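# Per-entry structural report
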Amino acid sequence: MMAAADGMLVARAAAATRARGEHDAATPFLAREKIAGEVPSEGFVLDQRPPILRYAEVQDALLLVAREQEGAARARWISVQPAGAGIVLDGPTVSEQTRVVLRELWAAVHPEPGAEPDVAAAAKALLAALTLSEQKLRALAFLDLSTLANDPQHLPPLITERLLGYGGQPEDDAQMAPAVRDLGRRLTSRGTAGNAPPAATGAKQP
Amino acid sequence: MESNEIRAVLVLVTFATLLVSGCSDSSSSSSTTLRVGVAAVPITPCGANAAWDGPVTASGVWGESYADANGNGRYDVGETFTDDARNEALDAQSKGKYDGIYMAGFGADRIALGCHDDIWARTIVVDDGTTRLAITSVDLVGTLKYGSYYGFAHAEAMVDPALGVTNFIHASTHNHQGPDALGLWGTDTVVDGKFPLYLAFIDRQVASAISAAVGALEPVREVRGFRTDPDESPDLRGLQVRTGCRPPFIFDSELRALSFTGANGTIATLLNWGTHPESLESENELITSDFPHYIRDEVERQVGGTAVYLSADLGAAEIVGDTCVGGADARNADGSNEFDSRDGIGFPRTERIGRMVGDIAARGLLAAPTIEAASLDVRTASKRLAASNATFELARSLGILDLDAQVYDPALCPGGTGLCGLFEQTAVTVADGDGKPQVQIITIPGEIFPELYLGVAEHRRTDCPAADTGRPAEPSIRDAMEAPFRLVFGLSPDELGYIVPGYDYYPANIFDEQRDPCDGQEYDPSYPRRRVPTHYHEVLSIGVEAASYVTCTAVELFQGSAALAGQPACEALP
């Protein structure tokens, strides 16, 4: 979803999300901090298409937004976050570590014009995101790493090693550790076999 | 696949032993040796219920008590609550988590503020003298058979073996206005939304429904069957839409209904239709069974008996007014569709839809010919599929999916990693005295796209050759069934997510999130509103091979393993 966004910011909902008309819902937000890209300043209305992410009044959130021009002077801000990808924050800001990781990821996904996305840099940033304080960001990072792992070339041995050892560091998420280590094992088994990515599914009689 | 995995029970009961004496009174030529019982037990999480032993909030909705600091009538994160230790005893992760009725479907944190109409566990038991089949439908978004502390297997274990039930079929209607029974809709998508005490209650109620239905068994005098046109039903046209207008814009539009009549009139009806029960959409905060409530009510009003509704092949098939609106489809001769808008969403509109569908089924049944039903043939298959969608593994890891550790042991799947899913399917054939199939049923453990039931070779996208992944077409389930009445029970027993045809399956990617090669393009000049959307369904699909597994298994159950020869999608399976 980051690739589809024009910007990323921290904002506070000024009122709860409400359905609006046939095709969308709206949430008034107050921008608090730009993380990356092009973002609204001060107050703005975030539009969403169904299914809707519901934000409560006075809720702080990390938003991924796209700008849609309406006439010469007016911009409409659209959420690019699919259902379930709301990133609600415990406070009005993110930590410096989170800020740095998100900007690294943003830069990898939004290269300079003419350049390709930097997959290696994205993988490195996603690995770092597995230790961020926001659980939702850790979960999204895991899912994105799993997607990248469909092509093992995206994840070099150093990253695989870290995945295999995940859970051993104080900043690691103990709940997610089995899934992360499992991802590492899958990558290792593919590497050992020296095969192209195998079919990720298989059958066995119970 | 090995045919010895299929267990078959085929019993032809002689008419002389069980023939109901009153049958000859009927003016029809129908004869049946069946007995049928039915029961409806509420699972509504509101108010008083002698079977409920958990806490009730001030609003009357079941849930842990809390201090409503902001006075908005619902629990909000940060408010203090009384953590009921009985929930923790069932699910250790419940400790410190608010347990209440989070509504399933759409976004997170949609907590119920009341109950509009009952949601149910409804069971019909069919018995031919040797086989006793219990079919249960619950008004839930979906659930699991083998949960760690809940699920249909737990309910089955509560049924007295002396009742003699030989086979169970369980299914969820996919109701998007019922409690979360999977865990995906808590305060956030990474927070379990299940209420352990309530899920244990559901298991007890399911067991009660099965037991009561067995206790109510009575001889059947007459079985009637009705179905609308399988490919185009004018009465139902425009009520089904594709999610986001996803092509191909086709449906299994067949509405199927069976009625079982005894000495005192209609005992039960069985209703089967394929579209998402989510007509009340995401803003509703009252528990309800959505339009199936009104379908059942209308059929019961006109035909009598107790109606049991089961959702069919509803993958990507949504009720009108959902995401593909504003001229996406016509309903009337002038091209209009009174439901093709989100403006009127609410209970009156839901009632109109439900009663209209119920009326079609009821009138059809009352005018339908009888079916000769002499024997039951029940076949089951179990296969394993390692999930390739990391979302499922993450949900298991976080304790959102509470899976039975032994049943879902990763070691049982090749590679020994990831979530190892168990696919169970059941095929039922009701045959006449000559053994000729009259009614057939297939169960599907998820939300299968209709083109997989109808046959991908004939029902597929033609708008965008570039989007074809090259995976072979899965075989048609419908074509493998021989009976005139063919029913599909979706989300049975499990909700393992969307089952998407392989040729159109696009897994998620951080740089290209399920974008279609023809994203945004129009694909039907008659309906400019229909444009190719991004691929949403794969986000909640256990894996691309799921389609081959369920279609090939269905074909094998009905036709035998020889029928898989020459089917590339089946031969490619491990």
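Our next topic: the overall build of chain B. Looking only at helices and strands, chain B features 10 helices and 21 strands. A globule of 574 residues ought to have a C-alpha radius of gyration of about 25 Å, and chain B, at 23 Å, matches this closely. With the C-alpha coordinates aligned to their principal axes, the bounding extent of chain B is approximately 70 × 60 × 55 Å. Considering chain B as a whole, with its 574 residues, one finds that 61% of them fall into the buried category. Taking the intrachain contacts of chain B between residues at least 6 apart in sequence as the baseline, contacts between residues at least 24 apart amount to 79%.

Take the overall build of chain A next. If you tally the helices and strands in chain A, you get five helices and seven strands. Traced from its N-terminal end to its C-terminal end, chain A shows the element sequence β-β-β-β-β-β-β-α-α-α-α-α. Here chain A holds 206 residues, and the buried ones make up 41% of them. When contacts within chain A are restricted to residue pairs at least 6 apart in sequence, those whose partners lie at least 24 apart make up 61%.

This paragraph deals with unusual backbone geometry. Looking along the chain, the bond that leaves B:Pro247 and enters B:Pro248 is cis, with omega of 0 degrees. Across the junction of B:Ser492 and B:Pro493, the peptide omega takes the value -10 degrees, indicating a cis bond. With respect to the element layout, B:Pro493 can be found in the loop between strand E20 (485–489) and strand E21 (498–499). The backbone of A:Val58 sits at a positive phi, close to 65 degrees, despite the residue not being glycine. Among the structural elements, A:Val58 can be located in the loop between strand E4 (43–48) and strand E5 (60–70). On the basis of neighbour count, A:Val58 is assigned to the partly exposed category, with 13 C-beta atoms found within 10 Å. Positive phi, close to 60 degrees, is recorded for B:Glu281, a residue that is not glycine. Structurally, the position occupied by B:Glu281 is in the loop between strand E11 (265–273) and strand E12 (286–287).

The next subject is the interface of chain A and chain B. Where interface size is given, it is often the accessible area lost as the parts come together that is meant. Residue-level contacts link 42 residues of chain A with 48 residues of chain B. Only helix H3 (135–148) and helix H5 (177–193) of chain A provide two or more residues apiece to the side of chain A that touches chain B. Broken down by element, the side of chain A that touches chain B gets its largest block of residues, nine residues, from H3(A).

Now for the sheet that holds strand E8 (residues 222–227) of chain B. Residues and elements named next belong to chain B. Spatially, the five strands line up as an open sheet ordered E13-E11-E10-E8-E15, and their pairing is mixed. The strands lining the two open edges of the sheet, one partner per strand, are strand E13 (306–311) and strand E15 (370–371). For E8 and E15, the ladder comprises two bridges, and the chain directions are antiparallel. The partner of Val223 across the bridge, within E15, is Ile371. Along the sheet, helix H5 (residues 291–303) makes contact with strand E10 (256–262), E11 and E13, crossing E13 at roughly 145 degrees.

All names here are of chain B. Taken together, the five strands give an open sheet; going across it, the order is E6-E5-E4-E2-E7, and neighbouring strands pair in mixed fashion. Both outer strands of the open sheet, strand E6 (167–172) and strand E7 (218–219), are each paired with one neighbouring strand and no more. In this structure, strand E4 (residues 120–127) lies alongside strand E5 (residues 132–138), joined through seven bridges in antiparallel fashion. Looking at E5, one finds that Arg122 is bridged to Ser137. Packing of helix H4 (residues 196–215) onto the sheet brings it into contact with strand E2 (35–42), E4 and E5, and relative to E2 it is tilted by some 150 degrees.

Residues and elements named next belong to chain B. Looking at chain B, pLDDT values average 90 and 93% of them are 70 or higher. Scored below 50 in pLDDT, residues 1–30 shows 63 contacts in the model against residues more than four places distant or in partner chains. Confidence estimates for the predicted assembly give a pTM of 0.89 and an ipTM of 0.79.

As a further point, take the packing of H3(A) against helix H7 (residues 390–397) of chain B. Contact geometry of H3(A) with H7(B) gives a least axis separation of 9 Å together with a crossing angle of 145 degrees. Viewed along their axes, H3(A) and H7(B) form a crossing whose handedness is right-handed. Taking contact as the criterion, the partners of A:Ala139, A:Phe142, A:Leu143 and A:Ser146 in H3(A) are, on H7(B), B:Ala390, B:Thr391 and B:Leu394. Of the residues that constitute the contact of H3(A) with H7(B), the class distribution is five nonpolar, two polar and no charged.

This next bit is on the domain arrangement of chain A. Residue and element names in this part refer to chain A. Segmentation of chain A into domains returns domain 1 (7–88) and domain 2 (96–192). The C-alpha-based centres of domain 1 and domain 2 are spaced at 26 Å. The partner domain 2 presents nine residues to the six residues of domain 1 that form the contact. Looking at the side of domain 1 that touches domain 2 element by element, the count peaks at three residues for strand E3 (residues 24–37). Split by residue class, the side of domain 1 that touches domain 2 holds five nonpolar, one polar and no charged.

All names here are of chain B. Of all eight residues in E2, seven are buried; the element is thus mostly enclosed. Examined bridge by bridge, E2 and E4 share eight bridges and lie antiparallel to one another. Among the inter-strand pairings, Pro42 is bridged to a residue of E4, identified as Trp120. One ladder, built from two bridges, connects E2 with E7; its direction is antiparallel. What sits directly across from Arg35, in E7, is Pro219.

Right, let's get into the packing of H5(B) against helix H6 (residues 347–366) of chain B. All names here are of chain B. One way to put it is that H5 packs onto H6 with a least axis distance of 7 Å and a crossing angle of 35 degrees. Considering how the two elements wind past one another, H5 and H6 form a crossing that is right-handed. In contact with Phe291, Pro292, His293, Tyr294, Ile295, Asp297, Glu298, Val299, Gln302 and Val303 of H5, H6 contributes Thr350, Glu351, Ile353, Gly354, Arg355, Val357, Gly358, Asp359, Ala361, Ala362, Leu365 and Leu366. A breakdown of the residues in the contact of H5 with H6 according to their chemical character gives 12 nonpolar, five polar and five charged.

About the cut-offs
Residues numbered from 1 in each chain as written. Chains lettered and ligands numbered in written order. Predicted model: local features only at pLDDT ≥ 70, side-chain atom pairs only at ≥ 80, totals over all residues. Helix = DSSP H or I, 4+ residues; strand = E, 2+ residues; numbered from the N terminus. Rg over C-alpha atoms; globule rule 2.2 N^0.38 Å. Buried ≥ 20, exposed ≤ 12 C-beta atoms within 10 Å, placed from the backbone. Contact = placed C-beta atoms within 7 Å. Pairing = 2+ DSSP bridges. Axes fitted to C-alpha atoms, helices over the stretch in contact; angles between N-to-C directions. pLDDT = per-residue confidence, 0-100. Left-handed = near helix turned anticlockwise from the far one by under 90°. Nonpolar A, V, L, I, M, F, W, Y, C, P; charged D, E, K, R; others polar. Domains from an automatic or database assignment.

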